[in-house]
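Fold and geometry: a report
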Amino acid sequence: LGCGMTGRILLIEDDADLAGLLDRVLTDEGYDVTRARDGHTGLHLALGIVTAIFHRTMSLVEEGMAAIRASRAAPSEQLREVIRHQVRTVVAEQAFLTVFFAEEASLPVRLRRAIVRRKARYDHAVLAIVRRCGRLAVHPRLVVFALLGMSNWTHKWYDADGKWDATFIADA
């Protein structure tokens, strides 16, 4: 506290007095606080938050993909744009994606299946661009796995205060 950070906090506390005190302190520090009276309610709120953020993040990625696919650029340039867009999105959503990728396997089955389907549609869009690039020395699906894996892994090592900014990394 007191270090200029802001963000959202899910506060799960069954003691109303303590919850009120914590809520005031965190709000005064600039946080947006959502309260839950018990773990069960907190879990449902957390899943709702995770779901909403995931769908917002995927919408950003998909909107970027739609613009890339609609462009008249050569397939190789479209693929570079996919990488740039993916890296920029991962950097912009780094905090969420770090938690999401670590906890994705623990999500409820219905939600996990919906996420897998949505990610698969995106992977297929990238695959279509890769295939239009022409003959490759490796299977096109391996190219997609390598490019998206590399881009998505950025959340693990990117440092906003480090030597390279998101644009430099995306353009590398």
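These remarks concern the structure in this document. (Residues numbered from 1 in each chain as written. Predicted model: local features only at pLDDT ≥ 70, side-chain atom pairs only at ≥ 80, totals over all residues. Heavy atoms only, no water.)

1. What about the layout of surface pockets?
- By volume, the largest pocket amounts to about 630 Å³.
- Put simply, the parts of the chain that give the lining of the largest pocket at least two residues each are strand E1 (7-12), helix H2 (39-70), helix H3 (75-92) and helix H4 (94-103).
- Each residue belonging to the lining of the largest pocket can be placed in one class, and the counts come to 17 nonpolar, 2 polar and 5 charged.
- Estimates place the volume of the second largest pocket at around 330 Å³.
- Lining the second largest pocket are 18 residues; nearest its centre among them are Gln86, Phe101, Lys119, Asp123 and Asn152. (1 Å grid on protein atoms, 1.4 Å probe; cavity = no way out; pocket = protein on both sides within 12 Å on 5 of 7 lines; lining within 4 Å. Points joined across faces, edges and corners; volume = space filled by probe spheres on them. Helix = DSSP H or I, 4+ residues; strand = E, 2+ residues; numbered from the N terminus. Nonpolar A, V, L, I, M, F, W, Y, C, P; charged D, E, K, R; others polar.)

2. Structural notes on the packing of H2 against helix H5 (residues 109-132)
- Between H2 and H5, whose axes approach to 11 Å, the crossing angle comes to 15°. It follows from the interaxial angle that H2 and H5 lie roughly parallel. For the pair H2 and H5, the crossing hand works out as left-handed. Facing Leu47, Thr51, Phe54, His55, Met58, Ser59, Val61, Glu62, Met65, Ile68 and Arg69 of H2, the residues of H5 in contact are Leu111, Ile115, Arg118, Lys119, Tyr122, Ala125, Val126 and Ile129.
- Within the contact of H2 with H5, the residues separate by chemical class into 12 nonpolar, 3 polar and 4 charged. (Axes fitted to C-alpha atoms, helices over the stretch in contact; angles between N-to-C directions. Parallel < 35°, antiparallel > 145°, perpendicular 65-115°, else oblique. Left-handed = near helix turned anticlockwise from the far one by under 90°. Contact = heavy atoms within 4.5 Å.)

3. Some remarks on the pairing of strand E2 (residues 31-36)
- The pairing of E1 with E2 spans 6 bridges and is classified as parallel. Looking at E2, one finds that Leu11 is bridged to Arg35.
- For the crossover from E1 across helix H1 (residues 16-28) to E2, the handedness is right-handed. (Pairing = 2+ DSSP bridges. Right-handed = clockwise from strand over helix to strand, strands pointing away.)

4. Here we look at H5
- Taking 1.5 Å of rise per residue, 24 residues should cover 34 Å, and H5 covers 35 Å from first to last C-alpha, within 8% of that figure.
- Within H5, the full set of buried residues consists of Leu111, Ile115, Arg118, Tyr122, Ala125, Val126, Leu127, Ile129 and Val130.
- As for H5, its buried residues are in contact with H2, H3, H4 and helix H6 (140-152).
- Positive phi appears at Gly134, one or two residues downstream of H5, with a value of about 105°. (Expected span 1.5 Å × (residues − 1). Buried < 20%, exposed > 50% of the residue type's maximum accessible area, 1.4 Å probe, protein only.)

5. Concerning the side chain of Thr89
- Within the element layout of this structure, Thr89 appears in helix H3.
- Judged by relative accessible area, Thr89 falls into the buried class, the value being 9%.

6. A few points about the packing of H3 against H6
- Their axes nearest at 8 Å, the elements H3 and H6 cross at an angle of 30°. On the basis of their axis angle, the class for H3 and H6 is roughly parallel. Of the two elements, H3 crosses H6, and the hand of that crossing is right-handed. Residues Leu79, Ile83, Gln86, Val87 and Val90 of H3 pack against Leu147, Leu148, Met150, Ser151 and Asn152 of H6.
- Tallied by class, the residues present in the contact of H3 with H6 amount to 7 nonpolar, 3 polar and no charged.

7. A few points about the nonpolar core
- In this structure, Met65, Val82, Tyr122 and Val126 are the most contacted members of the largest nonpolar core, which totals 32 residues.
- At the level of secondary structure, the elements contributing two or more residues to this core comprise H2, H3, H4, H5, H6 and helix H8 (166-171).
- If one sorts the elements of this core by residue count, H5 sits on top with 8 residues.
- Leu11, Ala19, Leu26 and Val33 belong to the second largest nonpolar core, which has 5 residues in total. (Core = buried A, V, L, I, M, F, W, Y, C linked by side-chain atoms within 4.5 Å.)

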